[in-house]
Amino acid sequence: MNDQRPDPDSLLQRVQRAEAKYRRGRLKIFFGASAGVGKTFGMLLAAHERRAEGLDVLAGYVETHKRAETEHLLDGLEILPPRLVSYRDTQLREFDLDAALKRHPALILVDELAHSNAPGSRHAKRWQDVEELLEAGIDVYTAVNVQHIESLNDVVSQITGISVWETVPDAVLEAANEIELIDLPPDELLQRLNEGKVYLPQQAERAAQNFFRKGNLIALRELALRCTADRVDAQMRDYREDHAIHDVWQVKERLLVCVGPDGNAENLVRSAFRMAQALKAEWIVVYVETAKLQHLSREQRDATLRTLKLAEELGAETLTLAGNQLAEEVIAYAHTRNASRIVLGKPTLSGWRLRLFGSLVDTIVRRARDIDIHVVGKETNFLSQTKANPYFARSRLYLGLASEEQIPLFTRQAAYLWALLATAICTGIGWLMVEHFDLANLIMVYLLGVVVVAARYGRWPSVLSSFLSVLSFDFFFVPPRFSFAVSDTQYLIIFAVMLLVGLVISSMTVRIQHQAKIAGHRERRTASLYAMSRELAATRGEENIMRITIKHLAEVFEAQAVVLLPDKTECIVYPTGDGSAQSCHGSDLSVAQWVFDHGQMAGQGTDTLPGGDVVYLPLKAPSGMIGVLALLPLNPVRIALPEQQRLLETFVSQIALALERVRLAENAHNAQLKMETEQLRNSLLTAISHDLRTPLAAIVGASSSLVRDGEKLDELARHELSQAIYDESTRMASLANNLLDMARLQAGAVVLNRQWQPLEEVVGGALAGLRARMDSHPVSVKLPHDLPLVEIDSLLIERVLVNLLENAVKYTPPGTPIEISGVTEQKELVVTVADWGTGIPIGEEKRIFEKFHRVASEGNQGGAGLGLAICRSIVQVHGGRIWADNLSTGGAAFHFSLQLTEPPLIESEEIVEQ
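Residues numbered from 1 in each chain as written. Predicted model: local features only at pLDDT ≥ 70, side-chain atom pairs only at ≥ 80, totals over all residues. Heavy atoms only, no water.

1. As for the overall build of the chain
- Along its length, the chain carries 30 helices and 25 strands.
- Counting all 914 residues of the chain, 42% fall into the buried class.
- Of the contacts formed within the chain by residues at least 6 apart in sequence, a portion of 69% connects residues at least 24 apart. (Helix = DSSP H or I, 4+ residues; strand = E, 2+ residues; numbered from the N terminus. Buried < 20%, exposed > 50% of the residue type's maximum accessible area, 1.4 Å probe, protein only. Contact = heavy atoms within 4.5 Å.)

This is the structure we're talking about:
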């Protein structure tokens, strides 16, 4: 069988990845260490090359920073007009995403990848705009500096002393199809800065004293080079996987250290650590768990666990693999990770046993011809180490998997008795078959018995069954029968083959059964992790996450658990609420505080307070420490084994990410509320300051004229000034009433006084109150005579009509007719106020009902932008809806609906009595 055949799952993943890449646009990032190295310049040069090839290129957004040589490169490129956004009395130039999608070029240039978009934009960050362009199948060229990469943000801040707030997730960089490093030596960059080619002279002087110090530039340059090299290495691994390349490419030093349960493992890890330090290389420590190694003693299990912990403390990536052939698993994983060197311990066998059985070192050296092999000697006495360490001597009492030597004596005796009984049963079956079948068929019966014993009782009982089967077959069925004598020498070969086949079958059966058990355990671990991840992803709130966490930890690890979170002063406290604080008896807050402060494990089985019963694990998230998980295992073996520790670490990671997600969502919600509050406050101040200043100025002017020149003015002039004071005071009172009504409606303090009313009376009341203001606009009312009664608060609905009519008067020229109509549709009464003015600007049909929103048009309309918002609130309180649209003949129409219900019946007797 070909061992190099492609894995179906990997092949399917490659096909799906290729299909996704085909649909998605290509992303090329021009990457630099700092501003001024020439990223935008290089991006424009590349764009001109693609344009010369006949590609449709669009400059979506390019920030030239007024550099002449950069601006010159924009000549000849189609430039997308920017989207102008008003923000705090300034006009911001933003990338127009919708226009770019509508234009749909083959390649678009979008500079400043880490830029934060103006409030009100569809996406908060420009990299999100780029993601939408890529999903639309558009290729994108963009540029970004190393200080904007999220994972390097704190490192850059530590180096430069300057915090960078605009960042790009690492996933964006990892998803790029191509990264081009734009590199410039620090001395040349400083020269460009002094020549004014990076910033204006005043800005350049401040930059040279702060961010653009030579030491900072050298460190940033190294970060950019390393980040690019890591990305190139990841692209190389993807290429090797996509093209099924198994040979190792020696492009980057990466050590793979293989450890086992022998006493040389810790020495091997330390030697590999020194080698990795000298080579500046990544190093990975793997432990391959074969069927044979599943039956290790407790001492050897302890040694393996201790070795992996030591490797993690020294900074290695640790992993537990599983397989039948140790050498094959090590070589396969080395090829998967593109390891340049494999580090092994010196063979433990020597002399004739080494020549007869060989060693792992010999096998790997013979098969891994493209990888350097390092063998580390200096063995140590494992038993003396464990005996000298009281903690590990104590831990031997509960660690490890049961091997056959650990099975109780009466159980082992029963297994061998069953092996004897199985052979006797097979002999009985053969006795019934011997007269009708050949002897070869009887051999199959005995082999079946061996398989049954191996599957049920393990290796050694099946070995006994193999020997007993050969002896029984010889004694009972081979001539001369009932004697161990053999008349034909060919039966000796049959016996030998039968014994050999029985031993092989028993060994394979035991191995397959053991592998099935291991696969079952792993499947259950994977299922439990998936179940918890799925529940956490669909859950909101810290209390719900802690509840789910405690439930799954109890099921998987047979342990009591509690999630301890810090308060506002960063002190760990017990959770409050449903009594989950008592989920882990004996959890010590002082120990949990130490774990939270230092980010390290403590408690049972660790280097800190190993004698405790509870183990404390830090909940680390990308943003920092989240809290502490306290775990009290009912059976310590559930968390002491390497594979269980890996599962626990994964659980802890998922819990930390879920808690961080909840906090980030809460922070984002609070930030959104603060932003909306700030925008509302600014809009309110702007509206009030404008609409109060105008009438106040008129009042002050008119009243001052009356005070100074009242005696000199004639009666008509005094009347006009008094009327002006009255009108402007009425306008201010209307504004104040609108603000108060809006506040009452938003607070839910309005109680409806619903009564059955005819719509004609409500419309008449509204027109009567506006008779003076509507003299210049002819009004027509078209209401059917059979309109039903409506149960409404007539004063509030009249207010709706007044506001709509005032709005029509305000935004239409004098003499323009206004029409009020009503019609019943299903179970609604729809009222329409239409005018024949300029209409509503496209895209403003919904926004005009927002608070403080006013449509810009010619003339001075005034107002605070609250009239239509009040209409919407009143209609919604009545259970209706309100909307606006433009008429095909010109003008605008405002519609609102009121629910129709059956009016109460009036008894005829009541009518007679009245």
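Okay, back to it.
2. Section: the sheet that holds strand E3 (residues 78-79)
- On the basis of which strands lie adjacent, the open sheet formed by six strands has the order E3-E2-E6-E7-E1-E8 and parallel pairing. Sheet topology places E3 and strand E8 (178-182) at the edges, where each strand pairs with a single neighbour.
- Where strand E6 (residues 107-110) meets strand E7 (residues 139-145), four bridges bridge the pair, whose relative direction is parallel. From the neighbouring strand, Leu107 faces E7, where its bridge partner is Asp139. (Pairing = 2+ DSSP bridges.)

3. Concerning the sheet that holds strand E15 (residues 572-573)
- Strand order across the open sheet formed by five strands is E15-E14-E18-E17-E16, with antiparallel pairing between neighbours. Bordering the open sheet on either side are E15 and strand E16 (602-603), each of which pairs with just one other strand.
- Strand direction decides the pairing type here: E16 and strand E17 (residues 615-621), joined by two bridges, are antiparallel. Along E17, the bridge assignment pairs Ala602 with Tyr616.
- The sheet strands contacting helix H22 (residues 542-557) are strand E14 (559-566) and strand E18 (624-633), and the helix crosses E14 at an angle near 150°.
- Packing against the sheet, helix H23 (residues 589-598) makes contact with E14, E15, E16, E17 and E18, and its axis sits at approximately 140° to E18. (Axes fitted to C-alpha atoms, helices over the stretch in contact; angles between N-to-C directions.)

4. A look at the pairing of strand E1 (residues 27-32)
- For E1, a buried count of six out of six residues is recorded, marking the element as mostly surrounded by other parts of the structure.
- Sheet topology note: the E1/E7 ladder contains six bridges and is parallel. By the bridge assignment for E7, Lys28 is matched with Tyr141.
- Looking at chain direction, E1 and E8 are connected through five bridges and run parallel. Within E8, the residue paired with Lys28 across the bridge is Glu178.

5. A look at the pairing of strand E22 (residues 818-825)
- In this sheet, E22 lies alongside strand E20 (residues 779-782) in parallel orientation, the contact comprising four bridges. Residue pairing across strands places Ser780 opposite Glu819, the latter belonging to E22.
- One ladder, built from eight bridges, connects E22 with strand E23 (residues 828-835); its direction is antiparallel. In the strand pairing of E23, Ile818 is matched with Asp835.
- Counting the residues between successive antiparallel strands, the hairpin from E22 to E23 contains two residues, one of them, Gln826, with a positive phi of roughly 55°.

6. Here we look at helix H8 (residues 186-194)
- The complete set of buried residues in H8 reads Pro186, Leu189, Leu190 and Leu193. All buried residues of H8 lie within an arc of 100° about the axis, which places them on one face of the element.
- Immediately beyond the C-terminal end of H8, within one or two residues, lies Gly196, with a positive phi of roughly 80°. (Arc of directions from axis to C-beta.)

7. Description of the packing of aromatic side chains
- Applying the stated criterion to the full structure yields seven aromatic pairs.
- Summarising the aromatic geometry, the rings of Phe273 and Trp283 are spaced 6.0 Å apart at their centres and angled 50° between planes, so their arrangement reads as tilted. One end of the pair, Phe273, is in helix H11 (residues 265-279); the other, Trp283, is in strand E10 (residues 282-289), with ten residues separating them in the sequence.
- Judged by its relative accessible area of 24%, Phe273 falls in the partly exposed class.
- The rings of Tyr446, Phe475, Phe476 and Phe477 are connected pair by pair, giving a single aromatic cluster.
- If you follow Lys28 out to its NZ or CZ, it ends over the ring of Tyr141, 5.4 Å from the centre. (Phe/Tyr/Trp six-rings, centres within 6.5 Å; stacked < 30°, edge-to-face > 60°. Lys NZ or Arg CZ within 6 Å of the ring centre and 35° of its normal.)

8. Some details on the side chain of Ser465
- Relative to the elements of secondary structure, Ser465 occurs in helix H20 (residues 459-477).
- Excluding its chain neighbours within four sequence positions, the residues that come into contact with Ser465 are Ala419, Thr423, Gly449, Val450 and Val453.

9. Some thoughts on a nonpolar patch on the surface
- A grouping of Trp418, Leu421, Ile425 and Ile429 is seen on the molecular surface, where their side chains present a nonpolar patch of about 380 Å² in accessible area.
- Owing to a relative accessible area of 39%, Leu421 belongs among the partly exposed residues under this scheme. (Patch = residues over 30% accessible without salt bridge, like charges linked within 9 Å, V, L, I, M, F, W, Y side chains within 5 Å. Areas by Shrake-Rupley, 256 points an atom, 1.4 Å probe, with all protein chains shown as cover. Salt bridge = Lys/Arg side-chain N within 4 Å of Asp/Glu carboxyl O.)

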